[in-house]
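# Fold and geometry: a report
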Amino acid sequence: MTPFGEALRGLRERKGVSQKEMAAAIGVSPAYLSALEHGRRGRPNFDFLQRVAGYFNIIWDEAEDLFMVADASNPRVVIDTAGMPAEYTALANDLARKIRVLTPDVVRDLRNLLEGAGKPA
């Protein structure tokens, strides 16, 4: 599942709407919504995001949060380390190989570490 898929499912469930009902209302197939929610589809386009925001009649701040989550939800990420030191390429490759076996605690720690990267100490 992607962060967007998780957010979409949560929003849909909080509003008490089935995938089938939502899909019909915004002009997509239920299979597409299911694939988004399960992370089997890539990041949705801007038009789709606008239809979701309109369908749920969400305020601008909440819609902006949804758009940001969508931007962070590409399930097939490519990390370009061309021109970077060898250690950076090795790290990217290690992460690609081992990400499926990381525990949720390790993932959370890595995300926290990355969020602090580049900030003054």
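Notes on the structure in this doc start here. This structure is a prediction, so every number in the text was calculated from the model and none was measured.

## What to know about the packing of aromatic side chains
For any pair of aromatic rings, the description consists of the separation of the ring centres together with the inter-plane angle of the planes. Evaluated as defined, the whole model comprises 5 aromatic pairs. Arranged with centres 6.4 Å apart and planes meeting at 70 degrees, the rings of F4 and F48 form a pair that is edge-to-face. With a gap of 44 residues between them, F4 in helix α1 (residues 3–14) and F48 in helix α4 (residues 46–56) connect regions that are remote in the sequence. There is no split in this pair, since F4 and F48 are both buried.

## As for the layout of surface pockets
Considering only enclosed or pocket space, the largest pocket measures out at about 1,700 Å³ in volume. Along the walls of the largest pocket sit 36 residues, with N74, V77, L95, I99 and V107 positioned nearest its centre. Only α1, α5 (60–71), α6 (86–98) and α7 (104–116) provide two or more residues apiece to the lining of the largest pocket. For the lining of the largest pocket, the element with the most residues is α6, which contributes 8 residues.

## Side note on the packing of helix α2 (residues 19–26) against α4
Between α2 and α4, whose axes approach to 10 Å, the crossing angle comes to 115 degrees. What the angle tells us is that α2 and α4 run roughly perpendicular. Seen along the crossing, α2 lies across α4 with a hand that is right-handed. Taking contact as the criterion, the partners of E21, M22, A25 and I26 in α2 are, on α4, F48, R51, V52, Y55 and F56. Its residues placed into classes, the contact of α2 with α4 shows 7 nonpolar, no polar and 2 charged.

## Focus: a nonpolar patch on the surface
Judged by side-chain polarity, V77, I79, L95, I99, V106, L110 and L113 come together as a nonpolar surface patch covering roughly 620 Å² of accessible area. Note that V106 resides in helix α7.

## A look at the nonpolar core
One finds F4, M22, L33, F48 and V52 to be the most contacted residues of the largest nonpolar core, which totals 21 residues. Elements represented by at least two residues in this core include exactly α1, α2, α3 (30–37), α4 and α5. Per-element tally for this core: the top contributor is α4, with 5 residues. Other than its neighbours up to four places away in sequence, M22 contacts L8, R12, V17, L33, V52, Y55 and F56.

## Considering unusual backbone geometry
In this model, N57 sits at a positive phi of 50 degrees, which is unusual for a non-glycine residue. Looking at the secondary structure, you find N57 in the loop between α4 and α5.

Criteria and thresholds
- Residues numbered from 1 in each chain as written.
- Predicted model: local features only at pLDDT ≥ 70, side-chain atom pairs only at ≥ 80, totals over all residues.
- Heavy atoms only, no water.
- Phe/Tyr/Trp six-rings, centres within 6.5 Å; stacked < 30°, edge-to-face > 60°.
- Helix = DSSP H or I, 4+ residues; strand = E, 2+ residues; numbered from the N terminus.
- Buried < 20%, exposed > 50% of the residue type's maximum accessible area, 1.4 Å probe, protein only.
- 1 Å grid on protein atoms, 1.4 Å probe; cavity = no way out; pocket = protein on both sides within 12 Å on 5 of 7 lines; lining within 4 Å.
- Points joined across faces, edges and corners; volume = space filled by probe spheres on them.
- Axes fitted to C-alpha atoms, helices over the stretch in contact; angles between N-to-C directions.
- Parallel < 35°, antiparallel > 145°, perpendicular 65-115°, else oblique.
- Left-handed = near helix turned anticlockwise from the far one by under 90°.
- Contact = heavy atoms within 4.5 Å.
- Nonpolar A, V, L, I, M, F, W, Y, C, P; charged D, E, K, R; others polar.
- Patch = residues over 30% accessible without salt bridge, like charges linked within 9 Å, V, L, I, M, F, W, Y side chains within 5 Å.
- Areas by Shrake-Rupley, 256 points an atom, 1.4 Å probe, with all protein chains shown as cover.
- Salt bridge = Lys/Arg side-chain N within 4 Å of Asp/Glu carboxyl O.
- Core = buried A, V, L, I, M, F, W, Y, C linked by side-chain atoms within 4.5 Å.

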